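Read off the chains here:
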Amino acid sequence: MTAPEPFRFPIAARYAGMESSPLKDIFALAARPDVVSFAGGIPDPALFELADVQAAYDWVLTHHGARALQYGVSEGELELREQAARRVSRHLPTTAEQIRITSGSQEGLFVAAQAMLEPGDTVLVESPTYLAAVQAFSVHGARMLGVETDDEGVVPEALEQAIREHHPKFVYLIPTFQNPTGRTMPLARRRAVAEVLLRTGTALVEDDPYGALSFTGTTYPAIASLPGMAERTLLMNSMSKLMAPGVRIGWIRAQGPMLDTLAVAKAAISMQSSVVDQLTVARYLEVCDLDAHVARVSAVYRERRDAMSAALAPVLPAGAHVTRPEGGMFLWAALGEGFDAQSMLAEAVAAGVAYLPGWSFFADSPDRSTMRLSFVTHAPEVIQSAIARLGEVVAAHGGR
Ligand code: PMP
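Conventions used here
- Residues numbered from 1 in each chain as written.
- Predicted model: local features only at pLDDT ≥ 70, side-chain atom pairs only at ≥ 80, totals over all residues.
- Heavy atoms only, no water.
- UniProt positions renumbered as here; feature names shortened; annotations may be inferred.
- Core = buried A, V, L, I, M, F, W, Y, C linked by side-chain atoms within 4.5 Å.
- Buried < 20%, exposed > 50% of the residue type's maximum accessible area, 1.4 Å probe, protein only.
- Helix = DSSP H or I, 4+ residues; strand = E, 2+ residues; numbered from the N terminus.
- Contact = heavy atoms within 4.5 Å.
- pLDDT = per-residue confidence, 0-100.
- Pairing = 2+ DSSP bridges.
- Right-handed = clockwise from strand over helix to strand, strands pointing away.
- Salt bridge = Lys/Arg side-chain N within 4 Å of Asp/Glu carboxyl O.
- Near = heavy atom within 4 Å.
- Polar contact = N/O pair within 3.5 Å; in protein donor to acceptor, adjacent residues only side chain to side chain.
- Areas by Shrake-Rupley, 256 points an atom, 1.4 Å probe, with all protein chains shown as cover.
- Nonpolar A, V, L, I, M, F, W, Y, C, P; charged D, E, K, R; others polar.
- Patch = residues over 30% accessible without salt bridge, like charges linked within 9 Å, V, L, I, M, F, W, Y side chains within 5 Å.
- Axes fitted to C-alpha atoms, helices over the stretch in contact; angles between N-to-C directions.
- Parallel < 35°, antiparallel > 145°, perpendicular 65-115°, else oblique.
- Left-handed = near helix turned anticlockwise from the far one by under 90°.
- Expected span 1.5 Å × (residues − 1).

The name that an unreviewed UniProt entry assigns to the protein chain is PLP-dependent aminotransferase family protein, with the source organism given as Brachybacterium hainanense. Its UniProt record gives the protein chain a comment under Cofactor (unreviewed entry), which states: "pyridoxal 5'-phosphate".

Here it is as structure tokens:
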């Protein structure tokens, strides 16, 4: 008797070939204790305000009791929507009614895709852009097209041309301390991009998880806050990088009929985000000084950015281009022609240092010489010695 074939579940075409992401293998390697990993975008857990978060959970369970453990509404708990509206209103007048709570911005991206995309639609993104956003849009059948960027973000002329040629459903941008490059769009560039979107009648998904993590004290207005833009923008914020990613709380700011569609999509996906977590984040925002906490975190990250920039400068090849972010978590290095960051990675890991090869952040035409390095997780001394080891690997591949 022959053994029966093992059962195979049917896999949707949109997930076919996605079973083994190259990044999964990299994360496994980078998790080795002898490897200093700059690969993930992992906030330093030593900076979490554990006591404040614990106090907020205690308060919620004591004062809300069963309500905190019951189903809630798809829009999100009112207390949290009020707190979110207060924060967004610093640059864009917003009511609690205009906020939809999501389980992190990752779900926000998925909700937005659910609400807007048909298979075959085009989405324009920065080249490079956030990998998991591309994934959230692609699994909805979208065709992803990367638009040219320079040191100030997406190039308005290239954006306009791509919009006129490809008629995207929406444009997805991370204007401040971008993932993966760390770059920021100055105000003039934001205005130019807004004009293109207004002129062409295009919707914007504006993802802003990092904007508050400024090293210079400078903050930038959301593109959503520029004249005419609020009605055509879904603005996303997240507590992941400011408070803690484990609470999985973010929100979308929108207005008009889209608010109802977002609530229906959210209900279809997960009913609502965890009520106890929402009420806890609301309590935390009410009684703790998030701005002071973010200022402390930013000061630590700034030192680490300095350490990484200083360590990289002498070890990168002559033609390399490296960003010096004014905030956020990531720095981006393009080593230049002839280098392949993916094929160097195994040697780097053997030398005890990991990064994320940049190719995976491009929707199309990847620059394979690029790498993303997160500077936030390790202390400056650890960064210095690990980057020195990375420099030896680069040198062995033709660097100086
Ligand atoms: N957008 C961007 C640009 C990000 O970098 C991240 C996290 N790496 C997210 C969204 C999702 O974050 P979360 O779901 O934790 O809010």
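Q: Explain the nonpolar core to me, using residue names and the numbers behind them.
A: If you look at the biggest cluster of nonpolar residues, it comprises 65 residues, and the most contacted ones within it are Phe38, Met308, Tyr355, Met371, Leu373, Ile387 and Leu390. Sorting elements by how many residues they give to this core places helix α11 (residues 290-312) first, with eight residues. When near neighbours in sequence (up to four residues on either side) are disregarded, Ile387 contacts Phe38, Met308, Ala311, Leu312 and Val315. Core analysis: the next-biggest nonpolar cluster, separate from the first, contains 26 residues, Val111, Ala112, Leu117 and Met258 among them.

Q: How would you explain the confidence of the model for the protein chain if you had to name every residue and give the values?
A: For the protein chain, the mean per-residue pLDDT works out to 95, and 96% of the residues sit at or above 70. The ipTM, which scores confidence in the relative placement of chains, is 0.99 for this predicted complex, and the corresponding pTM is 0.96.

Q: Give me the pairing of strand β8 (residues 203-207): which residues, what numbers.
A: Of all five residues in β8, four are buried, a share of seventy percent or more. In this structure, strand β7 (residues 170-173) lies alongside β8, joined through four bridges in parallel fashion. Paired with Phe170 across the bridge in β8 is Ala203. Handedness of the crossover is the feature at issue here: the chain leaves β7, passes through helix α8 (residues 187-200), returns alongside β8, and the resulting connection is right-handed. Looking at chain direction, β8 and strand β9 (residues 233-238) are connected through four bridges and run parallel. Bridging from a neighbouring strand, Glu206 pairs with Leu235 of β9.

Q: Which residues make up the pattern of salt bridges, and what are the values?
A: Summed over all chains, the structure comprises 19 salt bridges. We note a salt bridge from Arg87 to Asp291, for which the minimum N-O separation is 3.5 Å. Highlighted residues: Arg87 in helix α4 (residues 78-88) and Asp291 in helix α11, separated in sequence by 204 residues. Looking at Asp291, the relative accessible area reads 35%, which means it is partly exposed. With its nearest N and O atoms 2.9 Å apart, the salt bridge here joins Asp306 to Arg305. Overall, Asp306 belongs to the partly exposed group, its relative accessible area being 28%. Accessibility expressed as a relative area gives 6% for Arg305, which makes it buried. Each of the salt bridges in this network shares a partner with another, and the network as a whole consists of Arg67, Glu77 and Glu79.

Q: Describe the environment of Pro209, and please don't skip the residues or the numbers.
A: Tracing the sequence through the fold places Pro209 in the loop between β8 and β9. Discounting chain neighbours no more than four positions away, the residues touching Pro209 are Met236, Ser238, Lys241 and Leu242.

Q: Account for the site of the ligand, naming residues and giving values.
A: Around the ligand sit 14 residues, and of these Ser105, Asp207, Tyr210, Ser238 and Ser240 come closest. Ser105 places a main-chain nitrogen or oxygen 2.7 Å from an oxygen atom of the ligand. The contact in question runs from an oxygen atom of the ligand to an N or O atom on the side chain of Asn179, over 2.8 Å. For the ligand, whose unbound accessible area comes to 400 Å², protein coverage reaches 91%. Grouping the constituent residues of the shell around the ligand by class yields five nonpolar, six polar and three charged.

Q: Help me get a handle on a nonpolar patch on the surface, residues and values and all.
A: Taken together, the side chains of Phe7, Phe9, Ile11, Tyr15 and Met18 make up a nonpolar region of the molecular surface, amounting to roughly 600 Å² of accessible area. Among the structural elements, Met18 can be located in the segment before α1 (22-30).

Q: Break down the packing of helix α7 (residues 156-166) against α8 for me, citing the residues and quoting the values.
A: Across the interface, α7 lies against α8 with an axial gap of 9 Å and an inter-helix angle of 15°. Viewed along their axes, α7 and α8 adopt a mutual orientation that is roughly parallel. Crossing hand, α7 versus α8: right-handed. Counting all contacts with α7, which are made through Pro156, Leu159, Glu160, Ile163 and Arg164, the residues of α8 involved are Arg189, Ala192, Val193, Val196, Leu197, Arg199 and Thr200. Broken down by class, the residue content of the contact of α7 with α8 amounts to seven nonpolar, one polar and four charged.

Q: Could you give an account of helix α10 (residues 275-287), with specific residues and numbers?
A: Note on helix geometry: an α-helix contains 3.6 residues per turn, so any two residues three or four positions apart are oriented the same way. Look at α10: 18 Å from first C-alpha to last across 13 residues, which is about the 18 Å you get at 1.5 Å a residue. For α10, a buried count of eleven out of 13 residues is recorded, marking the element as mostly surrounded by other parts of the structure. For α10, the full list of buried residues reads Val275, Val276, Asp277, Gln278, Leu279, Thr280, Val281, Ala282, Arg283, Tyr284 and Leu285. Packing partners of the buried residues in α10 comprise α2 (50-63), α3 (66-69), α4, β2 (99-102) and α11.

Q: Outline the sheet that holds β2, listing residues and values.
A: One open sheet accounts for seven strands, arranged β2-β10-β9-β8-β7-β3-β4; its pairing is mixed. In the strand order of this sheet, the two ends are held by β2 and β4 (143-147), each with one partner. Strand after strand, the sheet turns through a mean of 20° between neighbouring axes, direction not considered. Pairing analysis gives four bridges linking β2 to strand β10 (residues 250-253), with the strands arranged antiparallel. Residue pairing in the sheet places Arg100 in a bridge with Ile252 of β10. Docked against the sheet, α4 engages β2, β9 and β10, running at close to 115° with respect to β2.

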